[in-house]
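Listed here are the chains, written in short residue letters.
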Amino acid sequence: MIYLDHNASSPLLPAAREAWLDAAERFPGNPSSPHRSGARAEYALEDARHRLAARLGCRNTDLIWTSGATEGCATAIHHAGQAAGPGAVAWVSAIEHPAVHENARRFFAGRIEKIPVDARGVVEVGWLREQRRRESPALVAVMAANNETGVLQPWREVRDWCIAERIPFFCDATQVCGRMPVDGLGACDLAAGSAHKFGGPRGVGFLKVPATGDFHALVHGGKQAEGRRAGTENVTGVLAMIAALEWCEARIAAGEAAGHAAWRDSFEAAVTAALPGTRVVGAGAPRLWNTSSLLLPAADCRQRWVVRLDKAGFAVSTGSACASGSEEPSHVLTAMGVSASEAGRAVRVSAGWSTTEAEWTALRDAMGKVWAASRATDGSGEGESR
Ligand code: PLP
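Residues numbered from 1 in each chain as written. Predicted model: local features only at pLDDT ≥ 70, side-chain atom pairs only at ≥ 80, totals over all residues. Heavy atoms only, no water.

Colleague: Pulling in residues and values, what's your account of the site of the ligand?
Modeller: The ligand sits among Gly 68, Ala 69, Thr 70, His 97, Met 143, Asn 147, Asp 172, Thr 174, Gln 175, Ser 194, His 196 and Lys 197. Interatomic distance of 2.6 Å between a side-chain N/O atom of Asp 172 and a nitrogen atom of the ligand. Taken by itself the ligand offers 400 Å² of open surface, and the protein chains cover 85% of this. Split by residue class, the shell around the ligand holds 2 nonpolar, 8 polar and 2 charged. (Near = heavy atom within 4 Å. Polar contact = N/O pair within 3.5 Å; in protein donor to acceptor, adjacent residues only side chain to side chain. Areas by Shrake-Rupley, 256 points an atom, 1.4 Å probe, with all protein chains shown as cover. Nonpolar A, V, L, I, M, F, W, Y, C, P; charged D, E, K, R; others polar.)

Okay, structure coming up:
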């Protein structure tokens with residue numbers, strides 16, 4: 001199976017596996033325990049916090065460990081809602097992950113403004129300036145890169161504007177961590193990441209929290225993280241996550257992303273040439289090097305594409321749901337102005353650092369075959385000649 005669904009979950013990197021096994025051996029104690037075994041585990045966690053803080057550009061004391069990005073998003077938005085009090089408004093980009101949208105609905109019920117995106121899927125920064133004339137929000141939430149399209153967002157610009165306007169800013173950085181440099185995330189009031197998106201284990205992540213003021217915890221029941229996130233820390237998971245991040249950042253620093261982006265671009269060029277009517281989502285916008293979101297031709301729904309490609313040995317994704325008729329089209333594509341029927345033909349391919357050029361080429365060839373077979377089944381016969 002050729003695995004091309006890294007935006008959903010990226011397989012455990014050898015460096016992370018090694019760090020996990022090493023930590024399981026060396027740090028069996030509970031970091032809160034008073035004995036030396038506990039102290040050693042606490043020291044290892046502290047070291048991990050320093051290493052992450054150095055990469056993000058924040059104080060080590062402003063980081064808490066979470067179970068992943070869903071918890072990070074929920075904690076961030078809960079905090080902002082509690083800190084602001086009743087009546088406060090949140091501005092949330094229209095393309096955020098449900099981990100942000102659903103928690104915003106919960107903690108800012110009925111008090112959410114959606115920040116629009118343009119047709120390429122990029123958040124409209126000008127909207128913030130316009131809207132600021134009318135109101136001052138208690139939170140702005142703009143993700144760093146979209147999980148469905150890979151389109152990079154102007155989070156640094158929004159962060160700086162929020163700092164100047166003294167508006168709390170939350171960045172869901174889940175899809176950029178391990179793919180793009182994470183420096184500068186530490187200057188956001190709140191920023192979330194998740195290990196399993198970049199080759200760390202599942203069930204562990206981090207949240208950068210504000211440097212000043214009281215923090216309104218979501219999870220209570222213990223004194224860990226100075227009461228900001230109760231519960232015994234996942235020491236093995238945290239150490240494996242930091243090892244994975246450092247491994248990925250070494251690839252980024254070595255300039256390897258450009259080569260991967262070139263393979264993705266050649267794949268897109270070949271598929272759009274071979275499959276008439278194919279559209280690349282977010283074309284023209286800066287995108288993550290690993291993601292290709294395609295609106296494919298065919299009367300078939302995208303589920304057929306995904307299922308057929310699965311049968312051909314490729315794990316790709318729809319981004320969201322299909323043609324059973326019961327599921328809504330992707331809110332991300334809808335916000336970009338893509339019609340429901342087109343959104344129903346979206347396929348998301350997301351690579352990892354281990355993905356090779358040959359794998360992109362093999363997928364291209366398999367898509368050509370699926371297209372030809374589907375044309376033959378349609379009775380058009382066109383496919384046979386491809
Ligand atoms: N935010 C984004 C942008 C995501 O892509 C995801 C996962 O797909 C999440 C949040 C949730 O992450 P987790 O699986 O770590 O809870």
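Colleague: Residue-level account of the sheet that holds strand E12 (residues 346-350), with values.
Modeller: Spatially, E9-E10-E12 is the arrangement adopted by the 3 strands of the open sheet, whose pairing is antiparallel. Both outer strands of the open sheet, strand E9 (279-280) and E12, are each paired with one neighbouring strand and no more. Contacts from helix H8 (residues 257-274) reach E9, strand E10 (291-295) and E12, with the element oriented near 10° to E10. (Pairing = 2+ DSSP bridges. Helix = DSSP H or I, 4+ residues; strand = E, 2+ residues; numbered from the N terminus. Contact = heavy atoms within 4.5 Å. Axes fitted to C-alpha atoms, helices over the stretch in contact; angles between N-to-C directions.)

Colleague: Before we move on, can you summarise the pattern of salt bridges with the specific residues and values?
Modeller: According to the stated counting rule, one finds 21 salt bridges in the structure shown. A salt bridge links Asp 62 to Arg 59; the shortest N-O distance between them is 2.9 Å. With a shortest N-O distance of 2.9 Å, Glu 165 and Arg 132 are connected by a salt bridge. A residue pair is termed long-range when its members are at least 10 positions apart, and Glu 165 in helix H6 (residues 155-165) and Arg 132 in helix H5 (residues 125-132) qualify at 33 residues. Exposure remark for Glu 165: the relative accessible area of 30% places this residue in the partly exposed category. On the basis of relative accessibility, which here comes to 27%, the residue Arg 132 falls in the partly exposed class. Taken together, the shared-partner salt bridges connect Arg 264, Asp 265, Glu 268 and Arg 287 into one network. (Salt bridge = Lys/Arg side-chain N within 4 Å of Asp/Glu carboxyl O. Buried < 20%, exposed > 50% of the residue type's maximum accessible area, 1.4 Å probe, protein only.)

That is the geometry; function is a separate question.
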